Amino acid sequence: QVSLVESGGGLVQPGGSLRLSCAASGNIFSILSMAWYRQAPGKQRELVASTTNDGETSYKDSVKGRFTISTDNYRFLFLQMNNLQPEDTAVYYCNARHPINNYWGQGTQVTVSS
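Residue positions are counted from 1 within each chain, in the order its sequence is given. With pLDDT at 70 or above as the cut-off, local features in this predicted model cover only qualifying residues; side-chain atom pairs require 80 or more to be listed or tallied, and sums for whole chains, interfaces and linings still use all residues. Hydrogens are left out, water is left out, and the side-chain values use all remaining heavy atoms of the structure.

Attention now goes to the pattern of salt bridges. Note on definitions: salt bridges are taken to be side-chain nitrogens of Lys or Arg within 4 Å of carboxyl oxygens of Asp or Glu. Counting across every chain of the model gives 5 salt bridges. Across the pair lysine 60 and glutamate 46 runs a salt bridge whose closest N-O atoms are separated by 3.2 Å. Placement of the pair is lysine 60 in the loop between strand 6 (57-59) and strand 7 (67-72) and glutamate 46 in strand 5 (residues 46-51), with a sequence separation of 14 residues. Residue classification places lysine 60 among the partly exposed residues on the basis of a relative accessible area of 27%. Think of it in three bands: residues with accessible area under 20% of the maximum for their type are buried, residues over 50% are exposed, and the middle band is partly exposed, with areas taken using a 1.4 Å probe on protein chains only. What makes glutamate 46 partly exposed here is its relative accessible area of 26%. Among the ionic contacts, a cluster of salt bridges with common partners joins Arg38, Glu46, Lys60, Arg66 and Asp88. The helix count covers DSSP runs of H or I at least four residues long, the strand count covers runs of E at least two residues long, and both are numbered beginning at the N terminus.

Right, here's the structure in full:
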């Protein structure tokens, strides 16, 4: 079992920055990859960025160049978000892919508004 806890969300103005963190605990040894998803009001949950521990990353097109995902041996997952825009407003979820299951955090709210 893996537990994931996100933090770092908040209210920022357009153009601002936030750094999201996800702390993983439990059986993290078999995690295959981790990712950040987000879900805006009335929208489907979407993949924002994913990473493997060896540094292979992938990003949603609309966040390329603005967001950076990183992980520290799958113990922590981070998402540095720069030049935030109102369209980035959503609940952001940490995800861990495991051979047995997928695990999700509780989500952290990011609101971009002036």
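With respect to the secondary-structure elements, glycine 16 resides in the loop between strand 2 (10-12) and strand 3 (18-26). The buried category is assigned to glycine 16, whose relative accessible area is 19%. The contact criterion used is simple: two residues touch if any of their non-hydrogen atoms lie within 4.5 Å. Once residues lying within four places of it in the same chain are set aside, the contact partners of glycine 16 are Met81, Asn82, Asn83 and Leu84.

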